[in-house]
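In case you want the letters, here they are:
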Amino acid sequence: MTDPGLAAPPKPLPRRQPGWFLALFALASAGGAVAYVPLLTVLLPQAIADLQGGEDVAALARVTFLGAAMASLANLGVGILSDRSRTRRPWIIAGLIGSSALLLLIGEARSVHQIVMLVMGWQIALNLMLSPLMAWAGDCFPDEQKGVLGGALALSPALGALAGSLVTWGGWIDPDARLGLVAVLVGVLVLPAVVLGKGRVQPALVAPVLPAQRAAPADGEQVVLKMWAARLLVQVAEGGMFAFLLYWLRSLAPDYPENGAANIFSAVLVCAVPVSLVAGRWSDRHGRPIFPLVCAAVLCAGGMLVMAAAPSLPWAIAGYVLFGLAAAVFLALHASQTLRVLPMPQHRGRDLGVFNLTNTVPGMVMPWLTVLLVPSFGYEALFVLFAALSLLSAVLLASFLRPRGTLSA
């Protein structure tokens with residue numbers, strides 16, 4: 001019997017996408033960050049405080065944990081559904097409408113129980129938009145453009161942080177209008193790519209691949225596993241610093257202002273955008289997709305070690321800037337290069353849902369690590385652990401390097 005893989009006609013080579021679509025897709029991805037960063041970091045804690053008459057850490061933790069669990073399940077489930085439907089854009093539009101409506105309802109909640117239920121529903125709707133959006137990138141952008149795509153994705157956390165600052169800026173925005181403003185911003189960022197991106201999917205990038213047609217499937221699965229683990233290790237470190245940056249800075253300078261930490265965090269994310277674009281473009285031109293990731297992971301470790309040994313506040317901030325910049329570059333470039341190694345295009349949404357667990361699992365791991373280490377050994381021990389995790393990530397990725405920097409998949 002003739003092997004159907006050999007009998008099939010050659011696939012047309014995928015074309016590079018134009019710059020305007022790359023820019024619109026980067027803005028759409030940033031719209032996803034704008035949808036959740038202001039709510040989860042500022043507006044949701046404030047809503048709970050308003051209902052409870054003060055800060056309620058237990059209530060916030062419950063909302064955050066259940067929301068993260070729902071996000072993980074929804075991202076995976078919606079990815080599977082978008083794979084089976086063989087279309088992404090209708091799911092993205094449905095998720096945009098649903099998440100925006102639920103965002104407005106959260107502002108009308110009259111109890112913590114209502115907030116919990118609404119946030120869980122909002123997470124489902126949000127991932128109805130986010131899961132197919134990233135899979136759509138894999139359907140549209142060829143490997144030769146994955147580096148610059150990753151650089152453009154660095155815009156997401158930067159705009160998310162800036163949106164959080166914008167909606168809480170002094171008395172400029174009425175508190176009752178903040179969630180509405182977030183919904184409007186998300187729509188303005190997401191819709192242009194979805195509306196104007198019709199017909200950008202490339203047949204060569206979505207053609208099904210059967211297990212029998214894959215060369216050395218066991219090797220390919222090992223590559224995917226290492227990429228997943230490498231991202232998880234850096235995400236644990238990055239998530240830990242996101243959660244405890246202010247507390248650590250105040251352990252060095254008790255009167256350190258709250259907005260000082262927020263300003264540093266935002267500045268690092270903004271600076272990461274051009275650095276990621278340069279690194280991503282370099283990786284495309286030289287055919288070395290993994291080398292910038294290895295370098296970024298090593299720099300993450302270096303920044304953490306500087307923080308652990310910092311004799312003063314300026315040194316501590318310098319170490320964090322190095323770590324934060326390297327971590328932002330790593331996560332942005334890794335997101336696009338993950339699309340390169342996923343083995344079967346027909347399951348791209350599902351597989352990205354599995355990779356999305358690296359974004360939610362650290363939130364469940366970090367509190368335990370902090371409780372175990374900081375009270376007895378101080379933040380220095382935590383930073384040394386994070387540095388070791390980042391170095392292990394670099395080692396995992398370095399195993400992919402070849403003379404031309406290609407992946408072993």
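What counts, and at which threshold
Residues numbered from 1 in each chain as written. Predicted model: local features only at pLDDT ≥ 70, side-chain atom pairs only at ≥ 80, totals over all residues. Heavy atoms only, no water. Helix = DSSP H or I, 4+ residues; strand = E, 2+ residues; numbered from the N terminus. Buried < 20%, exposed > 50% of the residue type's maximum accessible area, 1.4 Å probe, protein only. Contact = heavy atoms within 4.5 Å. Areas by Shrake-Rupley, 256 points an atom, 1.4 Å probe, with all protein chains shown as cover. Axes fitted to C-alpha atoms, helices over the stretch in contact; angles between N-to-C directions. Parallel < 35°, antiparallel > 145°, perpendicular 65-115°, else oblique. Left-handed = near helix turned anticlockwise from the far one by under 90°. Nonpolar A, V, L, I, M, F, W, Y, C, P; charged D, E, K, R; others polar. Phe/Tyr/Trp six-rings, centres within 6.5 Å; stacked < 30°, edge-to-face > 60°. Core = buried A, V, L, I, M, F, W, Y, C linked by side-chain atoms within 4.5 Å. Salt bridge = Lys/Arg side-chain N within 4 Å of Asp/Glu carboxyl O. Expected span 1.5 Å × (residues − 1). pLDDT = per-residue confidence, 0-100. Polar contact = N/O pair within 3.5 Å; in protein donor to acceptor, adjacent residues only side chain to side chain. 1 Å grid on protein atoms, 1.4 Å probe; cavity = no way out; pocket = protein on both sides within 12 Å on 5 of 7 lines; lining within 4 Å. Points joined across faces, edges and corners; volume = space filled by probe spheres on them.

**Q** Looking at this structure, how should I read the overall build of the protein?
**A** Broken down by element type, the protein carries 14 helices and zero strands. Reading the secondary structure of the protein in the N-to-C direction produces α-α-α-α-α-α-α-α-α-α-α-α-α-α. Across the 409 residues in the protein, those meeting the buried criterion constitute 50%. Once local pairs closer than 6 in sequence are excluded, the contacts in the protein between residues at least 24 apart make up 82%. Only carbon and sulfur atoms are counted for the fraction: they give 69% of the accessible area of the protein, which is about 18600 Å².

**Q** How should I be thinking about the packing of helix H2 (residues 19–52) against helix H8 (residues 178–196) in this particular structure?
**A** Between two packed helices, what matters for the description is the angle formed by their axes and the separation of those axes. Orientation of H2 relative to H8, taken along the N-to-C sense of each, is 160°, at an axis distance of 8 Å. The angle between the axes of H2 and H8 places the two elements in the roughly antiparallel class. In the crossing of H2 with H8, the sense of the turn from one axis to the other is left-handed. Per-class residue counts for the contact of H2 with H8 are 21 nonpolar, one polar and one charged.

**Q** Quick question: what am I supposed to make of the packing of aromatic side chains here?
**A** How two aromatic rings sit relative to each other is set out by the distance from centre to centre and by the angle between their planes. Per the counting criterion, the structure on display carries eight aromatic pairs. Their ring planes at 10° and their centres at 5.5 Å tell us that Phe21 and Phe141 sit as a pair that is stacked. Of this pair, Phe21 sits in helix H2 while Phe141 is found in the loop between helix H5 (112–140) and helix H6 (146–153), placing the two residues 120 residues apart along the sequence. Take Phe21: its relative accessible area is 0%, and that puts it in the buried class. An angle of 55° between the planes, with centres 6.1 Å apart, marks the rings of Phe25 and Trp136 as tilted. You can see Phe25 sitting in helix H2 and its partner Trp136 sitting in helix H5, a full 111 residues away along the chain. With respect to class, Phe25 is no different from Trp136; both count as buried.

**Q** Sorry, what's going on with the nonpolar core here?
**A** In this structure, Met241, Trp248, Met304, Tyr320, Phe323, Phe383 and Leu397 are the most contacted members of the largest nonpolar core, which totals 117 residues. In this view, Phe383 contacts Met241, Trp248, Met304, Met307 and Ala308; residues no more than four positions away in its chain are not counted.

**Q** Sorry if this is basic, but what is going on with the environment of Leu225 here?
**A** By the secondary structure assignment, Leu225 is in helix H10 (residues 217–252). Residues Leu225 and Phe355, spaced 130 residues apart in sequence, show a C-alpha to C-alpha distance of 9.5 Å.

**Q** What am I meant to see in the pattern of salt bridges here?
**A** Where charged atoms of side chains with opposite charge meet at close range, the side chains can pair. Applying the stated rule across the entire model yields six salt bridges. Note that Asp139 is salt-bridged to Arg88, the shortest N-O span being 2.8 Å. One end of the pair, Asp139, is in helix H5; the other, Arg88, is in the loop between helix H3 (57–85) and helix H4 (89–106), and 51 residues separate them in sequence. We note that Asp139, like Arg88, is buried. Among the ionic pairs, Asp143 bridges to Lys146, the shortest N-O distance being 2.9 Å. Each of the salt bridges in this network shares a partner with another, and the network as a whole consists of Asp83, Arg88, Asp139 and Arg348.

**Q** How should helix H7 (residues 155–167) be read in this particular structure?
**A** Because an α-helix completes one turn every 3.6 residues, residues spaced three or four positions apart along the sequence face the same direction. With 13 residues, H7 extends 18 Å between its outermost C-alpha atoms, agreeing within 8% with the 18 Å of an ideal straight helix rising 1.5 Å per residue. All buried positions along H7 are accounted for by Ser156, Ala158, Gly160, Ala161, Ala163, Gly164 and Val167.

**Q** I'm lost on the confidence of the model for the protein in this one. Help?
**A** Keep in mind that low pLDDT regions are not for reading the predicted coordinates in detail. In the predicted model, the protein carries a mean pLDDT of 86, and the fraction of residues at 70 or more is 89%. Confidence drops under a pLDDT of 50 for residues 1–9, and excluding neighbours within four residues, the segment shows two contacts in the predicted structure.

**Q** Got a minute to help me understand the side chain of Ser100 in this structure?
**A** One can find Ser100 in helix H4. Only 2.8 Å separates the side chain of Ser100 from the backbone oxygen of Leu96, close enough to count as a polar contact.

**Q** Sorry, what's going on with empty space enclosed by the protein here?
**A** Inspection of every chain in the model, using the stated rule, returns one cavity of 30 Å³ or more. Size it by volume and the largest cavity reaches roughly 40 Å³. Contributing to the lining of the largest cavity are Ala35, Ser99, Ser100, Leu103, Trp122, Val182, Ala183 and Val186. For the lining of the largest cavity, the secondary structure elements donating two or more residues are H4 and H8. Taken together, the residues of the lining of the largest cavity break down into six nonpolar, two polar and no charged.

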